[in-house]
Amino acid sequence: MNQKKVIIIGGGTAGIVIANRLQEKFAVTVFEKSEYKAYPLLYRVPLMIGILFRRKNSEYVHKTEFDLANGRKIPFYQSNLLGGASVMNGAVHVFGFLSKWIPILKRFGFEVSDLNESHELLYSENKVVKSKITIKKAPLNYIDNSFLETLKSRGIPLDNMSVSEKEACGPIFNTVRTFFRTSVLSVLGKKKFKTILNEKVERILFDENGNAKGVKTNRSTYDSDFVILSAGVIGSCSLLLQQQLDPNSQIKDLHIGKEIQDHTNLRVNVFANHPLNSLNEVYASFWKKMFLGIKHFLGIPTVMRGTGATSAAYLDLDRDGEIDTRIQILQFSESGRHGSKGSVFNTSEPSFSISINAIHPLSKGYVSFNNGELKVDPKFLSTESDVTLLKLAIKYCIELLKSPPIWDHVKEIDQLDLMEKDPDKYIQETMYSGHHLIGGLHNSITSDFELKDCKGLYVCDASVFDRFVASNIHSSVVLLADMFAKKFLIKQG
Ligand SMILES: Cc1cc2nc3c(=O)[nH]c(=O)nc-3n(C[C@H](O)[C@H](O)[C@H](O)COP(=O)(O)OP(=O)(O)OC[C@H]3O[C@@H](n4cnc5c(N)ncnc54)[C@H](O)[C@@H]3O)c2cc1C
């Protein structure tokens, strides 16, 4: 039987998940502009991924910069590898608040049972199942235990951190195989679809009736019955925006690139008063690093199993009855990421951080393409309520750190004076991107994910989210991509 052909643009998080489902009934080809290079073993170990971002001219990632209102430039990293952002992300898994999922499910005609089915198909907890994304609860040490104990003494109960709808604290989920980080590439165990690497799609082709009929890449043109755009927020928006510039373009002005969002990420850094049995040890000593590395590769549990982000808490800081903030222990410090005016949070001393994420920020920005130039600006903290929440969070973290038992580990809270006297300045000088871009195409598609006015061209990736359902976005993208593919199979299969 002649199978219908589907072209997927982008072999990233969404693209691979969609290809995995659609290969049941379609001849699927995935075009990925990056190559799957011999990705070093080292980077597949959870924490070691951080080394990638510090290398200048890395062949595995490329860097875009966001301009902040105060003149600071902060990096946003994209992947140069098959698997997209999921290969080099921090691997923290959060499935999201059901109350936030419901409007998204409704918008696309899904039921909660669809969400649960996709979850069941793609994720397994604490066991390795072929072709699933394996997740584990992060291993906890005494910094985590003190953090959780302090939270509990403030009335925040221990709960399931993957789906809590109320204030809770607990260990978080990481993507991990027995020895390595894993990503959506684990679904490649059953791969039948074709991947064409190192080939960038430059144009989507349409027939005379306005139906998508294939793509033009930097090398050739390819025919298909359907085209699915999964090139990520920046990739999908920029491809459509560029194509729209052509006066005869099929693609109309459909709010493309408008209302993108990102989680701002802020850290409260702490110098500890004693050496920590934590990821700092991996940082501090070559021999310890070797020792832990050997243990890790032998499959003996080590701190390297975690991403360094280990336990967290959901909080309702403005007391309006809805969870708004997540604080999370980070047992490592990234050079260059902290400190005002580019100074570095000193990692040679034992240290840890509390990372703050406003879960549902209201600030919105854009992706634009003018005079051959791509501009991406999430317009961080352009809404006053986002700043207010971060200030409440800083205050909360300082109070928390000053309470036992976590206080027992604290020698000094870095930049405490600035945080207390001028939190606005602290926020502007130290905030970073949470690397969770969403939106840009959410107003441009139908409830079937079809680009409005363009038959046969579908969009599904982080760009179709009109809101955050969780404090992290990877799992949300994976689950929506699978639900989309299931719907596509029913309608077109
Ligand atoms: C550094 C980093 C850390 C993160 N940490 C976490 C985390 O800990 N937890 C979490 O939940 N989320 C995390 N995220 C976010 C999450 O990984 C992403 O939001 C999600 O994977 C986005 O999926 P996507 O399919 O929309 O895009 P991507 O995975 O980026 O896929 C898009 C793909 O399309 C390709 N492409 C683009 N244009 C073209 C073209 N014209 N032709 C062919 N191919 C093209 C790109 O090369 C890319 O491979 C992180 C992201 C980053 C970057």
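Please read these numbers as outputs of a predicted model, since none were measured by experiment.

Some remarks on the site of the ligand
(1) Moving on: Around the ligand there are 37 residues in total, and G10, G12, G84, G90 and G235 lie nearest to it.
(2) Moving on: Within the residue set of the shell around the ligand, elements represented by two or more residues are α1 (13-22), β2 (27-32), β4 (73-79), α3 (85-88), α7 (232-244) and α13 (474-492).
(3) Moving on: By residue class, the composition of the shell around the ligand is 14 nonpolar, 19 polar and four charged.

Quick look at the packing of helix α5 (residues 112-122) against α13
(1) Moving on: Where α5 contacts α13, the axes come no closer than 9 Å and their chain directions differ by 110°. As summarised for this structure, α5 and α13 are arranged roughly perpendicular, according to the angle between their axes. Residues D114, L115, S118, H119, L121 and L122 of α5 form the contact with α13, whose participating residues are V478, L479, D482, M483 and K486.
(2) Moving on: Residues that form the contact of α5 with α13 fall into these classes: six nonpolar, two polar and three charged.

Regarding the sheet that holds strand β9 (residues 173-175)
Across a sheet, strands are paired by hydrogen bonds formed along the backbone, either parallel or antiparallel in direction.
(1) Moving on: Strand order in the open sheet formed by four strands is β5-β9-β7-β6, and the pairing between neighbours is mixed. Sheet topology places β5 (92-93) and β6 (123-125) at the edges, where each strand pairs with a single neighbour.
(2) Moving on: Pairing of β6 with strand β7 (residues 133-137) involves three bridges; the strand directions are parallel. Within β7, the position partnered with S124 by the bridge is T134.

Brief notes about helix α10 (residues 384-401)
(1) Moving on: Its 18 residues place the ends of α10 26 Å apart at the C-alpha level, agreeing with the 26 Å of an ideal helix rising 1.5 Å per residue.
(2) Moving on: All of the buried residues in α10 are V387, L389, L390, A393, C397 and L400. The buried residues of α10 occupy an angular sector of 160° when the element is viewed end-on, so they sit on one face. In α10, the exposed positions angled more than 90 degrees off the buried face are occupied by E384 and E399.
(3) Moving on: Considering only its buried residues, α10 is in contact with α6 (142-153), β16 (264-272), β18 (325-330), β19 (351-358) and α12 (423-430).

Quick look at the nonpolar core
(1) Moving on: Residues I9, I18, V227, I228, C460 and A481 are the most contacted members of the largest nonpolar core, which totals 129 residues.
(2) Moving on: Here this core takes nine residues from α13, the largest share from any one element.
(3) Moving on: There are two domains that each give this core at least three residues, and those are domain 1 (1-128 + 182-260 + 366-375 + 437-493) and domain 2 (131-176 + 264-358 + 381-430).
(4) Moving on: In contact with I9, not counting residues within four places along its chain, are F31, V201, V215, V227, I228, L229, S230 and A231.

Some thoughts on the UniProt feature "binding site: FAD" (unreviewed entry) in the chain
(1) Moving on: UniProt marks N89, G90, A91, V92 and V201 with the feature "binding site: FAD" (unreviewed entry), using the numbering shown here. Annotated residues spanning 113 residues; largest pairwise C-alpha distance 30.1 Å, indicating distribution over more than one region.
(2) Moving on: Mapped onto the elements, G90 comes out in the loop between α3 and β5.
(3) Moving on: Its 20 C-beta neighbours within 10 Å are what place G90 among the buried residues.
(4) Moving on: Excluding its chain neighbours within four sequence positions, the residues that come into contact with G90 are T307 and A309.
(5) Moving on: As for its placement among the helices and strands, V92 is situated in strand β5.
(6) Moving on: In contact with V92, not counting residues within four places along its chain, are I172, N174, T307, A309 and N472.

What to know about the packing of α10 against α12
(1) Moving on: Between α10 and α12, the shortest axis-to-axis distance is 10 Å and the interhelical angle comes to 100°. Relative to α12, α10 is oriented roughly perpendicular. Residues V387, L390, K391 and I394 of α10 touch α12, and the partners they reach there are P423, D424, Y426 and I427.
(2) Moving on: Its residues placed into classes, the contact of α10 with α12 shows six nonpolar, no polar and two charged.

Focus: unusual backbone geometry
(1) Moving on: Following P404, the chain continues into P405 via a peptide bond in cis, with omega recorded as 5°.
(2) Moving on: One non-glycine residue, H435, lies in positive phi territory at about 60°.
(3) Moving on: Following the sequence through the fold, H435 ends up in the loop between β23 (432-433) and β24 (438-440).
(4) Moving on: In this structure, F449 is a non-glycine residue whose phi angle is positive, near 70°.
(5) Moving on: Mapping F449 onto the fold places it in the loop between β24 and β25 (457-459).
(6) Moving on: Residue classification places F449 among the buried positions, given that 22 C-beta atoms sit within 10 Å.

Brief notes about the confidence of the model for the chain
(1) Moving on: For the chain, per-residue confidence averages 89 on the pLDDT scale, and 91% of positions sit at 70 or higher.
(2) Moving on: Predicted confidence for residues 338-344 stays below pLDDT 50, and this span has 13 contacts to residues more than four positions away or in other chains.

As for the pairing of strand β12 (residues 212-217)
(1) Moving on: Where strand β11 (residues 201-206) meets β12, five bridges bridge the pair, whose relative direction is antiparallel. Along β12, the bridge assignment pairs R203 with K216.
(2) Moving on: Here β11 hands over to β12 after five residues, with G210 in that stretch at a positive phi of 85°.
(3) Moving on: Where β12 lies against strand β13 (residues 221-223), three bridges are found, and the strand directions are antiparallel. Counted as the bridge partner of V215 is Y222 from β13.

Definitions and limits used
Residues numbered from 1 in each chain as written. Predicted model: local features only at pLDDT ≥ 70, side-chain atom pairs only at ≥ 80, totals over all residues. Near = placed C-beta within 6 Å. Helix = DSSP H or I, 4+ residues; strand = E, 2+ residues; numbered from the N terminus. Nonpolar A, V, L, I, M, F, W, Y, C, P; charged D, E, K, R; others polar. Axes fitted to C-alpha atoms, helices over the stretch in contact; angles between N-to-C directions. Parallel < 35°, antiparallel > 145°, perpendicular 65-115°, else oblique. Contact = placed C-beta atoms within 7 Å. Pairing = 2+ DSSP bridges. Expected span 1.5 Å × (residues − 1). Buried ≥ 20, exposed ≤ 12 C-beta atoms within 10 Å, placed from the backbone. Arc of directions from axis to C-beta. Core = buried A, V, L, I, M, F, W, Y, C linked by C-beta atoms within 7 Å. Domains from an automatic or database assignment. UniProt positions renumbered as here; feature names shortened; annotations may be inferred. pLDDT = per-residue confidence, 0-100.

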